[in-house]
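Results of the structural survey
These are the residues of each chain, in order.
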Amino acid sequence: PVSGHVRKPGNYELPMGTPLRKIIYDVCGGIPGDRKLKAVIPGGSSTPVLTADEVDVKMDFDSLAAIGSMFGAGSIIVMDETTCIVRACMVLARFYAHESCGQCTPCREGVPWMYDIIKRIMRGEGKPEDPDLLLDICVNIEGNTICPLGDAAVGPVRSMVTKFREEFDHYIEHGTSMVGDAGFDFRPGD
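A few points on the structure. (Residues numbered from 1 in each chain as written. Predicted model: local features only at pLDDT ≥ 70, side-chain atom pairs only at ≥ 80, totals over all residues. Heavy atoms only, no water.)

1. A short note on the overall build of the protein
Put simply, the rule reads: Only DSSP runs of H or I reaching four residues or more are called helices, and only runs of E reaching two or more are called strands; each is numbered from the N terminus. Radius of gyration: over C-alpha atoms. The globule rule applied is 2.2 Å multiplied by the number of residues raised to the 0.38 power. Here the term buried applies to any residue with accessible area under 20% of the maximum for its type, exposed to any over 50%, and partly exposed to those in between, with areas from a 1.4 Å probe on protein chains only. Residue contacts are counted whenever heavy atoms from the two residues lie within 4.5 Å of one another. The method behind every accessible area is Shrake-Rupley, applied with a 1.4 Å probe, and residues are considered shielded solely by the protein chains displayed. Positive charges come from Lys and Arg, negative ones from Asp and Glu, while His and the chain ends are left out of the count. The atom standing in for a charge is NZ when the residue is Lys, CZ when it is Arg, CG when it is Asp and CD when it is Glu.
For the protein, the count of helices and strands is seven helices and four strands. Reading the secondary structure of the protein in the N-to-C direction produces β-α-β-β-α-β-α-α-α-α-α. Radius of gyration (C-alpha) of the protein: 16 Å, near the 16 Å computed for a compact globule of 190 residues. Expressed as a percentage of its 190 residues, the buried residues of the protein come to 46%. Counted over contacts in the protein with a minimum sequence separation of 6, partners at least 24 positions apart contribute 65%. Only carbon and sulfur atoms are counted for the fraction: they give 52% of the accessible area of the protein, which is about 9200 Å². Across the protein, 19 positive and 27 negative side-chain charges occur, with their mean positions spaced 3 Å apart.

2. Remarks on the sheet that holds strand 4 (residues 76-80)
In a beta sheet, neighbouring strands pair by backbone hydrogen bonds and run either parallel or antiparallel. Rule in force here: Here, strands pair whenever DSSP counts at least two bridges between them.
With mixed pairing, four strands are arranged side by side in an open sheet as 1-4-2-3. Across the chains shown, the open sheet's two edge strands, defined by having one partner strand only, are strand 1 (2-4) and strand 3 (50-51). As paired elements, strand 1 and strand 4 share three bridges and run parallel to each other. Bridge assignment links V2 to a residue of strand 4, and that residue is I76.

3. Thoughts on helix 3 (residues 85-99)
What counts is decided by this rule: To estimate the expected span of a helix, subtract one from its residue number and multiply by 1.5 Å.
The end-to-end C-alpha distance of helix 3 is 21 Å, a good match for the 21 Å that 15 residues give at a rise of 1.5 Å each. Every buried residue of helix 3 is accounted for by I85, V86, A88, C89, M90, L92, A93, R94, Y96 and A97. Elements in contact with the buried residues of helix 3: strand 2 (37-41), strand 4, helix 4 (105-125), helix 6 (149-163) and helix 7 (165-174).

4. Considerations on unusual backbone geometry
At D34, a position not held by glycine, the phi torsion is positive, near 55°. Residue position: D34 is located in the loop between helix 1 (20-27) and strand 2.

5. Regarding the pattern of salt bridges
Short version of the rule: Salt bridges, as used here, are contacts in which a Lys or Arg side-chain nitrogen is within 4 Å of a carboxyl oxygen on Asp or Glu.
Inspection of the entire model under this criterion finds 12 salt bridges. In this structure, K119 engages D116 in a salt bridge whose closest nitrogen and oxygen atoms are separated by 3.6 Å. Residue K119 and its partner D116 are located together in helix 4, separated by three residues, close to a single helical turn. When its relative accessible area of 7% is taken as the criterion, K119 is described as buried. Each member of the salt-bridge network shares a partner with another, and the members are D132, R165 and D169.

Here you go:
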């Protein structure tokens, strides 16, 4: 499946090794409004994000692994230039924090902590050391849990903080998104 900012989202069956750029622009019709591509999650929410400069990769296990991501479930999520990466990271962290069963301490404590830090950033209360703290938490979760949920939560957070650090730094310094109103919505209980 391909979702997000494409003209023709949907489920497509394509040969293994089809270039990601071809999937986005030829199969799915490109980005609506002719906006610029910003990021792509190539294999579902747990896979490390790719930048627009990395979409010439072939969609197969080895090619994606070679550039630091994964094929995963093959669920492609496309984000255009209007996407606030900090907000996208927060949404994914919220999902994984909710899904943690709580059995393993690194996941039980670390994943909600990542979510809380990102929420703090989005409330305009971020600290300059928060991006590095998020990366440190990722190191302490990854490989230290019984099931792969902890590792799954680390993939998007680490890659978004690393590849889009300027967006996190901007949010911390200015209390707002680089792309305008990120539409942050706290849900009851957040």
